[in-house]
Amino acid sequence: MSNNLKGHLALFLAQVLYAASFPIAKEVMEDIPYTALLLLRISGAVILFWLSSVFFVNEKIEKKDFPRLILLGLFGVAINQSLFLKGLHLTSPINAAIMMITTPILVLIIASILLKDKITLFKFSGIVIGFSGAVFLVFQNLTGITKDSSILGDLFVFINAMSWGTYLVLVKPLMKKYHTITILKWAFLFGLPMVIPFTVSDLVAVEWNFLSGRIIYFIAFVVLFTTFVAYLLNTYALKALSPPVVSAYIYLQPLFTALITIYIFGNEDLTWGKVVSALLIFAGVYLVSIQKKV
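Conventions we followed
- Residues numbered from 1 in each chain as written.
- Predicted model: local features only at pLDDT ≥ 70, side-chain atom pairs only at ≥ 80, totals over all residues.
- Heavy atoms only, no water.
- Patch = residues over 30% accessible without salt bridge, like charges linked within 9 Å, V, L, I, M, F, W, Y side chains within 5 Å.
- Areas by Shrake-Rupley, 256 points an atom, 1.4 Å probe, with all protein chains shown as cover.
- Salt bridge = Lys/Arg side-chain N within 4 Å of Asp/Glu carboxyl O.
- Helix = DSSP H or I, 4+ residues; strand = E, 2+ residues; numbered from the N terminus.
- Buried < 20%, exposed > 50% of the residue type's maximum accessible area, 1.4 Å probe, protein only.
- Core = buried A, V, L, I, M, F, W, Y, C linked by side-chain atoms within 4.5 Å.
- Contact = heavy atoms within 4.5 Å.
- Phe/Tyr/Trp six-rings, centres within 6.5 Å; stacked < 30°, edge-to-face > 60°.

This part covers a nonpolar patch on the surface. A cluster of nonpolar residues, I47, L51, V54, F55 and F56, forms a patch on the protein surface that exposes about 630 Å² of accessible area. Within the secondary structure, F56 sits in helix α2 (residues 34-56). Accessibility expressed as a relative area gives 70% for F56, which makes it exposed.

Here the focus is the pattern of salt bridges. When their charged atoms lie close together, side chains carrying opposite charge are able to pair. For the coordinates displayed, the defined rule picks out four salt bridges. Salt-bridge contacts for K64 lead to E62; the nearest nitrogen and oxygen are separated by 3.7 Å. Under the relative-accessibility criterion, K64 is labelled exposed at 62%. Given the relative accessible area of 39%, E62 is considered partly exposed. A salt bridge links K177 to E62, with the shortest nitrogen-to-oxygen separation between them at 3.6 Å. Note that K177 is positioned in the loop between α7 (151-175) and α8 (180-195) and E62 in the loop between α2 and α3 (66-90), a separation of 115 residues in sequence.

Looking now at the nonpolar core. Core analysis: the biggest nonpolar cluster contains 65 residues, and I32, L37, L72, L85, I183, F188 and I219 have the highest contact counts within it. The set of elements that each furnish at least two residues to this core consists of α1 (3-28), α2, α3, α4 (93-100), α7, α8, α10 (213-240) and α12 (252-265). For this core, the leading source of residues is α10, giving eleven residues. Apart from the residues within four sequence positions on either side, L85 is in contact with A25, M29, Y34, L37, L38 and R41.

Let us look at the environment of T226. Within the secondary structure layout, T226 lies in helix α10. The sequence separation of T226 and V16 amounts to 210 residues, and the corresponding C-alpha distance is 9.6 Å. Residues contacting T226, with those up to four places away along its chain left out, are L17, Y18, S21, R41 and F221.

Here we take up the packing of aromatic side chains. Counting across every chain of the model gives nine aromatic pairs. Between the aromatic rings of Y217 and F218, the centroid separation amounts to 6.0 Å while the plane-to-plane angle is 50 degrees, which identifies the pairing as tilted. Its relative accessible area of 7% is what places F218 among the buried residues. Aromatic rings pair up to connect W50, F66, W186 and F190 into one cluster.

Okay, structure coming up:
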């Protein structure tokens, strides 16, 4: 099997894991508070990434880079994961997956602010179209077209995507200097104390003896596979494939999330409104991403 094919298989599996995390985390949060799951996810990632660094990566960080790593912990870990889980708790898995694909558009806007990247008229049209899809998705909740979702949950996921976009812009300079595991181990370590004050009491209060084996398995899945394995799969894929190919796979998440949520969990309907919202966002991201080829 060629490295190129292995890269595509790794990306495909990563998107399946990410998509499965939407309905799985949603079900977990029916039994334990989202704050407890948040602390489990971040603390588990700290342990896994630091263990990986001990066995595979041995790098020292320059002192001048620590302030940026603290910001990565804030935007990429604390705010990002807190609002994602809170938003997913309030809204539906499919809505959350659709909102997450606004990330490439948000990265463009944030980069224009922080890095002074120019936004052309062509890119601006993509931003408008993409955001119209997000607004339409939220509007459906206001008019009662959708069920098991909320405008507040959608907005939390949207702000989470904005925080993640900020992280992607801030991490770019460090990616040229350090291994990705080195960056992540410090980002998660700095992010951990930011969430402990408002999560530790809920985690301690969890009555583990009353949780079913299914929920315990789902918690392990979220901590291990969607926080650690999926990231490693993406990293492996970057060695064989170009970044544009890797980023394009994010478009599969809403599709996989819909299939898993509807046909495996059977607890949500895919409405035409959600399809239209996703198509508008897809179109906006496409217009933004092909700008360099025009």
